[in-house]
Amino acid sequence: MRAPARRWLAVFAAVQLVIAVAIGFTLQSELGGQSERASTIWWWLMLTWAGSVGVTSMALIWAERSLADALQSLVATVHAGGARVRSGSAGDSVFDGIAGSVQRMAQELDVAMHSLATERNRFEAVLETMAPGVLALDATRHITSANRSARSLFEITSSCEQAALVDVLRVPSLHAFVDGVFAGGPSELEIELPAAGRHIRARASRLGDGGIVIVADDTTEIRRLERVRQDFVANVSHELRTPIAVIRANAETLLDGALESPKTAEVFVTALFRHADRLGRLVAELLDISALEAGKRVLAVEQFELAEVIEDVIAAQVPAATERGMTLRSVAHADVWVRGDWKATEQILVNFIDNAIKYGRQGGTVEVAAFERDGMIRIEVRDDGSGIEPQHRARIFERFYRIDSGRSRDAGGTGLGLSIAKHLADAMGGAIGMDARSPRGSVFWFTLSATPAPET
Ligand code: ADP
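Residues numbered from 1 in each chain as written. Predicted model: local features only at pLDDT ≥ 70, side-chain atom pairs only at ≥ 80, totals over all residues.

**Examining the overall build of the protein**
Where we set the bar: By definition, any uninterrupted DSSP run of H or I lasting at least four residues is a helix, any uninterrupted run of E lasting at least two residues is a strand, and each is numbered from the N terminus. Here the radius of gyration uses the C-alpha set of atoms, whereas the globule reference equals 2.2 Å times the residue count to the power 0.38. With C-beta atoms placed from the backbone, a residue is labelled by how many other C-beta atoms lie within 10 Å of its own: buried for 20 or more, exposed for 12 or fewer, partly exposed between the two. Distance between backbone-placed C-beta atoms decides contact: two residues are in contact if it is within 7 Å.
When helices and strands are counted, the protein shows 13 helices and twelve strands. Taking 456 residues into account, the globule formula puts the C-alpha radius of gyration at 23 Å, and the protein, at 48 Å, lies well above it. With respect to the principal axes defined by its C-alpha atoms, the protein has extents near 170 × 65 × 40 Å. Here the protein holds 456 residues, and the buried ones make up 22% of them. Considering only contacts in the protein between residues 6 or more positions apart, those separated by 24 or more positions represent 58%.

**A closer look at the site of the ligand**
What counts is decided by this rule: Each residue gets a C-beta atom placed from its backbone. Should that atom fall within 6 Å of a molecule or strand, the residue is termed near it.
The ligand sits among 21 residues. The nearest are N355, R402, G413, G417 and L418. Those elements that place two or more of their residues in the shell around the ligand are helix 10 (342-359) and helix 13 (417-427).

**What about the packing of helix 9 (residues 306-323) against helix 10?**
So the rule is basically this: The angle between two axes is taken between their N-to-C directions and runs from 0 to 180 degrees, where each axis is a line fitted to C-alpha atoms and a helix contributes only its stretch in contact. What sets the label is the angle itself: under 35 degrees gives roughly parallel, over 145 gives roughly antiparallel, 65 to 115 gives roughly perpendicular, and the rest give oblique. By definition, turning the near helix anticlockwise from the far helix through less than a right angle yields a left-handed crossing, and turning it clockwise yields a right-handed one. Polar here means any residue outside two lists: the nonpolar Ala, Val, Leu, Ile, Met, Phe, Trp, Tyr, Cys and Pro, and the charged Asp, Glu, Lys and Arg; Gly therefore counts as polar.
It is at 10 Å that the axes of helix 9 and helix 10 come closest, and there the two elements cross at 30°. Relative to helix 10, the element helix 9 is oriented roughly parallel. Crossing of helix 9 against helix 10: the hand is right-handed. From helix 9, V309, I310, D312, V313, Q317, A320 and A321 reach across to helix 10, where they touch W342, T345, E346, L349, V350, I353, D354 and I357. Its residues placed into classes, the contact of helix 9 with helix 10 shows ten nonpolar, two polar and three charged.

**Notes on the sheet that holds strand 1 (residues 133-137)**
The line we're drawing: DSSP calls a pair of strands paired once it identifies at least 2 bridges connecting them.
In spatial order, the strands read 2-1-5-4-3; together these five strands make up an open sheet with antiparallel pairing. Each edge of the open sheet is held by one strand with a lone partner, namely strand 2 (143-146) and strand 3 (188-193). Shown here is a sheet whose adjacent strand axes are inclined to one another by a mean of 25°, direction ignored. In the packing of helix 6 (residues 172-182) onto the sheet, contacts are made with strand 3, strand 4 (198-206) and strand 5 (212-218), and the angle to strand 3 comes to roughly 160°.

**Looking at the packing of helix 8 (residues 262-293) against helix 13**
Contact geometry for helix 8 and helix 13: axes closest at 10 Å, N-to-C directions at 30°. On the basis of the axis angle, helix 8 is roughly parallel to helix 13. Once helix 8 is placed against helix 13, the crossing between them reads as left-handed. Only S419, I420, H423 and A427 of helix 13 make contact with helix 8, whose side of the interface consists of E285, D288, I289 and L292.

**Some points on the nonpolar core**
Put simply, the rule is: By our criterion, buried Ala, Val, Leu, Ile, Met, Phe, Trp, Tyr and Cys residues that link up through C-beta atoms within 7 Å make up a nonpolar core.
Counting 38 residues, the largest nonpolar core has L306, I310, I348, I353 and V366 as the members making the most contacts within it. Taken together, the elements giving at least two residues each to this core come down to helix 9, helix 10, strand 9 (365-373), strand 10 (376-382), helix 13, strand 11 (432-436) and strand 12 (442-450). Tallying contributions element by element places helix 10 first for this core, with eight residues. Among all residues touching V366, those that are not within four sequence positions of it are A321, M326, L328, I353, A356, I357, G360, V381 and D383. Counting residues in hydrophobic clusters, the runner-up holds 23 residues, among them A136, F154, V178 and I200.

**Some thoughts on unusual backbone geometry**
Here the amide bond leading from S438 into P439 is cis, since omega sits at 0°, within 30 degrees of zero. Relative to the helices and strands, P439 is located in the loop between strand 11 and strand 12. In this structure, D335 is a non-glycine residue whose phi angle is positive, near 60°. As for its placement among the helices and strands, D335 is situated in the loop between strand 7 (327-330) and strand 8 (337-341).

**Thoughts on helix 13**
Burial analysis of helix 13 places nine of its eleven residues in the buried class, the great majority of the element. The set of residues buried in helix 13 consists of G417, L418, S419, I420, A421, K422, H423, L424 and A425. In this structure, the buried residues of helix 13 make contact with helix 8, helix 10, strand 11 and strand 12.

**A closer look at the pairing of strand 3**
It is a general feature of regular strands that their side chains alternate between the two faces of the sheet. One ladder, built from six bridges, connects strand 3 with strand 4; its direction is antiparallel. Bridging from a neighbouring strand, L189 pairs with A202 of strand 4. Between strand 3 and the antiparallel strand that follows it, strand 4, lie four residues; G197 among them carries a positive phi value of about 65°.

**Thoughts on the environment of D410**
Within the secondary structure, D410 is located in helix 12 (residues 405-410). For the pair D410 and R281, spaced 129 residues apart in sequence, the C-alpha separation works out to 14 Å.

**Observations concerning helix 6**
Note the following rule: The arc in question is traced by the directions running from the helix axis to the C-beta atoms.
Restricting attention to buried positions, one finds in helix 6 the residues L174, F177, V178 and V181. Seen end-on, helix 6 carries its buried residues on one side only, within an arc spanning 95°. Residues of helix 6 that are exposed and point more than 90 degrees away from the buried face comprise P172 and D179. In this structure, the buried residues of helix 6 make contact with helix 5 (165-168), strand 3, strand 4 and strand 5. Positive backbone phi, at 85°, marks G184, one or two positions downstream of helix 6.

**Here we look at the confidence of the model for the protein**
Where we set the bar: A residue's pLDDT is the predictor's confidence in that residue, given on a scale from 0 to 100.
This prediction gives the protein a mean pLDDT of 89; 95% of its residues lie at or above 70. Within the model, the stretch residues 83-90 combines pLDDT values under 50 with nine contacts to residues more than four positions away or in other chains.

**Things to note about the environment of I247**
Within the fold, I247 resides in helix 7 (residues 220-255). For the pair I247 and R274, spaced 27 residues apart in sequence, the C-alpha to C-alpha distance is 9.2 Å.

Pasting the structure below:
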């Protein structure tokens, strides 16, 4: 028996004893001289007192055991996550009832904990797979959570949870934003991450515990596209302005009297024609490129013999080559069949050969070759001009990128030919590129899928 129960029993026994003694003396005084009956009463009173104390201590020991059993069973149930059912039938004792209630509570608590854990796992899974970066900070600006996008966006490589934001990210603009948010300033801002070369749009919300959560979207690509569009509009305007200005000036000169002299008029009308022609080509190429970028140009993919296209294009370009004293020839293997769009292949070849004639060496040679490499057919246009310096090579397939704008314009170029060629090669599933040629000149190439010659 435990000490409190023992104490309680001692008090109980003492009180009982006092009552028994009081009853004993009362009865003894009433009985007067009947000493034999008085001793019998004393005897019975002491027996009753001893019996009562004995029964009470037994009841206490039994109650303590039952309580201990019930508590043990309860602890076992809670430890087993509420899954274990207490042995013994319900209603054995008052402790069974209490134990049953607590056990049910434990089971309900367990179910609630389980559903909370499931909820938390689901929330973490959603957070981890979210496209925007989510960074949570506590009131002391320590990171409490950072999802995968946030780690990649801010280039956080090591574990950052519980670390101070200032130790993990050294981006002054972000810290200024966080300071502002804590001070009740604007909760949305576009931030540049110079080291990562990124732009992010950050939105922050205050949390109930004094922290904040920052949701960041990567706007780098949007900004890049905006810049490309702005550059494109600026380039187009610039390209259109020159021929329009020349056309207007020539027309004015003609109207101002040059028409009177047929010889002078011819010069101005020829210039008018040249610039109108250039304008027409520019507009046609712009429409071409916009149709390609919008995916509106549908390619008619078929099998054809490459030599036929090459011969056609060479035949059309020989006069221009001859004009510059150049030799234009095909060294393509015969019977090479490809899968592609005839017109697109022709357009790429025309651009490559036209450029080779324009920028190649006067009196030089331009060769067109076609051969199989790594399961693809590689078509090359080789010139022996002054070539392209390494710093320009990666950029010449960009729209309006020209190494020598003056020379390109004089030669009737628009700066869009190679960019269109790249779109066309991509659309046919091929690659495109240029290499320096030894000892001089350039090799412009593209690839198409090889296909066996049809059986005749
Ligand atoms: P363009 O209308 O100016 O010829 P392209 O897109 O066809 O436009 O070519 C882009 C630029 O690449 C040209 O302006 C020229 O500077 C350079 N280029 C293209 N082909 C050659 C070549 N075979 N040799 C030297 N430079 C070339």
